[in-house]
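# Geometric and topological summary
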Amino acid sequence: MSGGFDPLHPRELDLPTRVPLDVDLATGDAAIALDDAKIFAAPADVADIDRWRTQLTAWRNGARRRHGEPARYDDPASAWASRCFTVAQLWLWDELFFDFEAQRFTPERFLADARERFGGLDGVVLWHAYPVIGIDERNQWDFYDVPGLADVAAELRAAGVAVFLDYNPWDTGTRRAGGDADELASTVRRLSADGVFLDTLKKADPELVAALDQARPGIGLEGESKLATERIADHTLSWAQWFADSEVPGVLRARWFERRHMQHHIRRWHRDHAAELRSAWLNGVGIMVWEVVFGAWVGWNSRDAATLRRMLPVQRGFHRWLVEGEWTPLNVLDGAVAGSTFERDGVTLLLLANTSNVDAVYRPVGTGWSALHAGDTADAVTVPAGGIAAAVQVADGVTVPDALGAAQAALANETAENDASFPHRTSRRLAPPRWDGPVALIESAPVSSTTTAPVTVPTGEYTLTVRFRMRETGMYDGAPYVDEWKPLPPRLHDQRTLDRSVVVAQPVQIAAAEVSEAEYARFLDAIGEVTDARNPDRPAANVTFTRAREYAAWAGGRLPTEDEWQLAAVQPGFTRRTPEVWNWTESEHSDGRTRFVILKGGSAHRSEGSDWYFDGGVKPADFSAKLLLPGLGQDASPSIGFRICRENTP
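Read on for an overview of the structure. (Residues numbered from 1 in each chain as written. Predicted model: local features only at pLDDT ≥ 70, side-chain atom pairs only at ≥ 80, totals over all residues. Heavy atoms only, no water.)

A word on the pattern of salt bridges. Scanning the model with the defined rule gives 53 salt bridges in all. Between Arg231 and Asp234 there is a salt bridge, and its shortest N-O distance comes to 3.1 Å. A residue is classified by how much of its surface remains accessible, and Arg231, at 11% relative accessible area, is buried. What emerges from the salt-bridge pattern is a single network uniting Glu95, Glu101, Arg549, Glu586, Glu588 and Arg595. (Salt bridge = Lys/Arg side-chain N within 4 Å of Asp/Glu carboxyl O. Buried < 20%, exposed > 50% of the residue type's maximum accessible area, 1.4 Å probe, protein only.)

Turning to helix H4 (residues 149-158), a few remarks are in order. Because an α-helix packs 3.6 residues into every turn, residues spaced three or four apart end up facing the same way. Buried residues of H4: Leu149, Val152, Ala153 and Leu156, and no others. Taken around the axis of H4, the buried residues stretch over an arc of 100°, which confines them to a single face. Facing away from the buried surface of H4 by more than 90 degrees, the exposed residues are Asp151 and Ala158. Tucked inside the fold, the buried residues of H4 contact strand S4 (104-105), helix H3 (107-118), strand S5 (123-127), strand S6 (162-167) and helix H5 (180-191). A positive phi of about 85° marks Gly160, the residue just after H4. (Helix = DSSP H or I, 4+ residues; strand = E, 2+ residues; numbered from the N terminus. Arc of directions from axis to C-beta. Contact = heavy atoms within 4.5 Å.)

Helix H9 (residues 302-317) packs onto helix H8 (residues 274-283) with a crossing angle of 10° between their chain directions and a minimal axis gap of 10 Å. One finds that H8 runs roughly parallel with respect to H9. Here H8 contributes Ala274, Leu277, Ala280 and Trp281 to the contact with H9, which in turn contributes Arg303, Asp304, Thr307, Leu308, Met311, Val314 and Gln315. Classifying every residue of the contact of H8 with H9 by side-chain character gives 7 nonpolar, 2 polar and 2 charged. (Axes fitted to C-alpha atoms, helices over the stretch in contact; angles between N-to-C directions. Parallel < 35°, antiparallel > 145°, perpendicular 65-115°, else oblique. Nonpolar A, V, L, I, M, F, W, Y, C, P; charged D, E, K, R; others polar.)

To continue, consider the nonpolar core. Leu126, Phe318, Leu372, Trp584 and Phe642 are the most contacted members of the largest nonpolar core, which totals 164 residues. Setting aside anything within four residues of it in sequence, one finds Leu372 in contact with Val314, Phe318, Leu349, Ala390, Ala391, Val392, Leu404, Ala407, Gln408 and Leu411. Grouped together as the second largest cluster of nonpolar side chains are 14 residues, Val504, Trp565, Ala568 and Cys645 included. (Core = buried A, V, L, I, M, F, W, Y, C linked by side-chain atoms within 4.5 Å.)

The subject of this paragraph is helix H14 (residues 562-569). Burial analysis of H14 places 8 of its 8 residues in the buried class, the great majority of the element. Residues of H14 that are buried: Glu562, Asp563, Glu564, Trp565, Gln566, Leu567, Ala568 and Ala569.

Glancing now at the packing of aromatic side chains. Inspection of the entire model under this criterion finds 36 aromatic pairs. The interplanar angle of 80° and the centroid separation of 5.5 Å between the aromatic rings of Phe523 and Tyr551 together place this pair among those described as edge-to-face. In this pair, Phe523 is assigned in helix H12 (residues 517-526) and Tyr551 in helix H13 (residues 545-554), connecting sequence segments 28 residues apart. Like Tyr551, Phe523 is buried. Joined through ring pairs, the aromatic side chains of Trp127, Tyr130, Trp170, Phe197, Trp239, Trp290, Phe294, Trp612 and Tyr613 make up one cluster. One residue, Arg64, lies across the ring of Phe257, its end atom 5.1 Å from the ring centre. (Phe/Tyr/Trp six-rings, centres within 6.5 Å; stacked < 30°, edge-to-face > 60°. Lys NZ or Arg CZ within 6 Å of the ring centre and 35° of its normal.)

Backbone-to-backbone hydrogen bonds pair the strands of a sheet. The strands run either parallel or antiparallel. Strands sit in the order S2-S5-S6-S7-S8-S9-S11-S12 around a closed barrel of 8 strands; the barrel is parallel. The average undirected angle you get between the axes of adjacent strands in this sheet is 25°. (Pairing = 2+ DSSP bridges.)

Further remarks concern the pairing of strand S12 (residues 286-289). Looking down a regular strand, the side chains alternate between one sheet face and the other. Of the two faces of S12, both are covered, the one formed by Gly286 and Met288 as well as the one formed by Ile287 and Val289. One ladder, built from 3 bridges, connects strand S2 (residues 86-91) with S12; its direction is parallel. Bridging from a neighbouring strand, Thr86 pairs with Ile287 of S12. Sheet topology places strand S11 (residues 262-266) next to S12; 2 bridges connect them, and they run parallel. Among the inter-strand pairings, His264 is bridged to a residue of S12, identified as Gly286. After leaving S11, the chain enters H8 and then returns to the sheet as S12, a path that is right-handed. (Right-handed = clockwise from strand over helix to strand, strands pointing away.)

Structure below.
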């Protein structure tokens with residue numbers, strides 16, 4: 001239990017809303033209460049289904065009178081959003097999207113993986129700043145100032161993938177440049193973005209909407225949670241995040257109000273997405289694919305990925321039926337199989353979902369049916385356990401739509417999978433690169449009146465207690481909030497400890513202080529670069545992880561590991577230069593999708609105003625911070641320096 005609620009079960013506000021069957025839902029308090037629903041729960045009694053549909057229609061008609069017709073959807077520039085069925089939340093430096101060795105973006109590799117596993121993407125959110133932001137004064141716009149990013153965005157759009165930017169309204173404690181609306185609008189123009197994800201917000205202020213409309217006509221705004229009914233008019237997309245459903249999948253309130261409004265189901269910490277997929281399917285909406293949650297791997301299992309591959313060709317091919325057709329929710333209720341129809345111009349699309357853990361067979365009523373998925377027939381449609389299926393009925397005398405043949409061809413080899421195993425990833429420590437240049441053995445410069453003698457970590461076995469703040473990044477391996485709904489304090493951002501067993505095989509001598517500006521200037525002189533920073537007492541900072549390693553190798557040593565650093569820091573003679581800076585360590589990890597480095601020591605800088613910022617302030621020796629590693633020099637920070645060590649006696 002956390003703060004009175006069980007994190008493994010939906011909160012009260014996440015639960016579906018019961019639709020009253022015996023009151024007027026066009027006006028009054030009951031109607032207004034439904035304006036705030038996430039999902040309209042399906043009726044418990046099948047006998048109530050017709051009355052339930054009538055009540056849903058009464059509510060929608062009344063809500064349209066209360067809040068007005070959402071005319072924004074009539075603008076052709078906004079129409080793209082209703083086709084954006086699958087969106088990936090993408091860390092900009094995901095190792096499928098960025099090659100650290102070559103230091104270049106690889107969008108083609110990321111998109112190819114998504115095509116193979118999920119059936120392709122319609123959009124990506126380029127997540128850029130959190131959880132790194134706050135380590136120094138750089139603001140969220142600075143983290144979008146990345147070489148070549150505009151070309152990457154153009155390549156994504158050329159591949160038919162909409163580009164969303166991430167807006168962090170909580171970023172108020174870093175460098176102030178201009179107003180958020182102007183800065184975001186400028187970034188939208190520079191990167192030719194199609195949409196904006198409103199991190200932590202349900203909706204944008206009208207002033208921000210106006211600024212973004214000027215920057216990009218038809219801009220898609222997508223909030224993180226339940227969108228107020230009155231703001232569906234100017235937000236063409238929204239997340240269906242942590243939307244618990246009824247046992248028989250219900251109706252999404254925002255989608256029922258405006259059929260052209262796109263929602264994306266998402267439960268970021270869940271390993272089983274079957275319920276989200278079924279709800280998205282029966283409501284004709286989309287899915288958010290989020291496998292790397294701020295550096296924590298929560299990959300999709302093969303069964304759910306196969307379900308999405310079965311969904312997307314139908315949703316894309318029959319888009320007009322989903323947004324224009326006559327939607328009759330739950331007109332099929334056959335045991336564990338539920339179904340909804342979308343009828344347009346004599347062609348009926350039947351979408352089926354199975355809530356049980358065994359395959360079910362549904363036999364469509366009437367003639368003129370065609371199955372869409374491999375192995376199904378017009379007379380018997382197999383709805384796989386926990387999965388989905390579809391069929392199309394064409395009335396006599398009606399031309400068979402091109403969408404039918406196209407969907408059947410796309411799905412010819414797509415079958416359901418029963419394997420729900422979770423693809424685990426384990427981070428591994430990466431070995432440092434070799435330095436092939438000349439070695440210049442140098443000593444640390446003096447630190448005031450303290451000794452310059454290195455600190456020796458003797459051989460032995462140690463048990464180290466590590467303290468850290470539990471952020472959404474997790475620490476070393478695994479997701480920190482597996483299968484949870486929304487993590488809340490004290491579980492989120494609380495201080496935690498873990499013990500590490502460490503073996504030091506040979507003595508390690510660690511510099512008493514960080515490399516100084518003057519020492520680092522000697523290295524730059526040696527490799528033909530120039531710097532004005534030559535203070536012998538200030539720590540060298542704004543040095544990338546790669547360059548810090550190069551300096552250490554040039555000086556005849558290496559960076560200390562996080563454990564060596566911690567063991568040395570509690571011994572006499574270990575000092576900190578001022579202003580204090582985090583120290584790079586030789587503890588670089590990767591799970592194949594995310595690279596991170598453990599930082600030690602803390603820094604004089606602290607970004608105030610939000611718990612989402614990176615840890616700041618000087619820290620004790622046992623505190624560790626996980627820094628997701630950016631590329632292209634973005635890891636260089638005035639808040640990060642380094643010291644070196646050697647494994648043999650000078």
